[in-house]
Amino acid sequence: PISWTALMSLGEEGYMTLVKKTMDGTMKIISGISAIPGLEIVGKPDMSVFSFTSKKANIFGIADRMDEKGWRMNRQNNPESLHMIVTPNHLQAIDDFIKDLKESVIEEHENPSRSASDSCVILYGGKTERMDERDRVEYLLRNIEKNYRL
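Given the structure is predicted, the values throughout are model-derived calculations rather than measurements.

Criteria and cut-off values
- Residues numbered from 1 in each chain as written.
- Predicted model: local features only at pLDDT ≥ 70, side-chain atom pairs only at ≥ 80, totals over all residues.
- Heavy atoms only, no water.
- Helix = DSSP H or I, 4+ residues; strand = E, 2+ residues; numbered from the N terminus.
- Buried < 20%, exposed > 50% of the residue type's maximum accessible area, 1.4 Å probe, protein only.
- Contact = heavy atoms within 4.5 Å.
- Areas by Shrake-Rupley, 256 points an atom, 1.4 Å probe, with all protein chains shown as cover.
- Axes fitted to C-alpha atoms, helices over the stretch in contact; angles between N-to-C directions.
- Parallel < 35°, antiparallel > 145°, perpendicular 65-115°, else oblique.
- Left-handed = near helix turned anticlockwise from the far one by under 90°.
- Salt bridge = Lys/Arg side-chain N within 4 Å of Asp/Glu carboxyl O.

Draft legend 1. Layout of the overall build of the protein. Across its full length, the protein carries 5 helices and 6 strands. Among the 150 residues that make up the protein, the fraction classed as buried is 33%. Partitioning the contacts of the protein with sequence separation of at least 6, the portion at a separation of at least 24 is 55%. Here the protein has roughly 10,000 Å² of accessible surface; of this, 54% comes from carbon and sulfur atoms.

Structural data, given as structure tokens:
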């Protein structure tokens, strides 16, 4: 529905221009991430949605450092990675993002964080303290009720 609304609002040419800018920005981010030693893109993304990981540093420690710099990083499991969705709003911040990511990777190499999986559970779009199965189900149900009126 959002794409249809954008297409109707911008027209086909305007929409295609926006898509091209978004994909160019996505490729710039992917190239920037790939150029940082120790980081790698998961899979071969075709669109502006992708994730990246590190086999040399704690990716969640890197995410915590990015959070401290004002970025909102979405953590994922299997594999432990950071999820990104690039939109036109992100295009103006690409250079700053890559700069902060490089700094965060260096900081994590120089002063490694404790493993995130030791103390928290990663849920799409967030994290929470480690808890047993029953508490985890209750936590998820509370958040679903809070965020989505059932």
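Still more ground to cover, so stick around.
Draft legend 2. Representation of the packing of helix H2 (residues 59-68) against helix H3 (residues 94-110). Between H2 and H3, the least distance of the axes is 9 Å, while the angle of their chain directions is 130°. Judged by the inter-axis angle, H2 sits oblique to H3. Remark: the crossing between H2 and H3 carries right-handed chirality. Of the residues in H3, those in contact with Gly61, Ile62, Arg65 and Met66 of H2 are Phe97, Asp100, Leu101, Ser104, Val105, Glu107 and Glu108.

Draft legend 3. How the structure looks around the pattern of salt bridges. Per the stated rule, a full pass over the model turns up 10 salt bridges. Across the salt bridge formed by Glu103 and Lys69, the nearest N and O atoms sit 3.6 Å from each other. Of this pair, Glu103 sits in helix H3 while Lys69 sits in the loop between H2 and strand E3 (74-76), and the two are 34 residues apart along the sequence. Assessed through its relative accessible area of 30%, Lys69 is described here as partly exposed.

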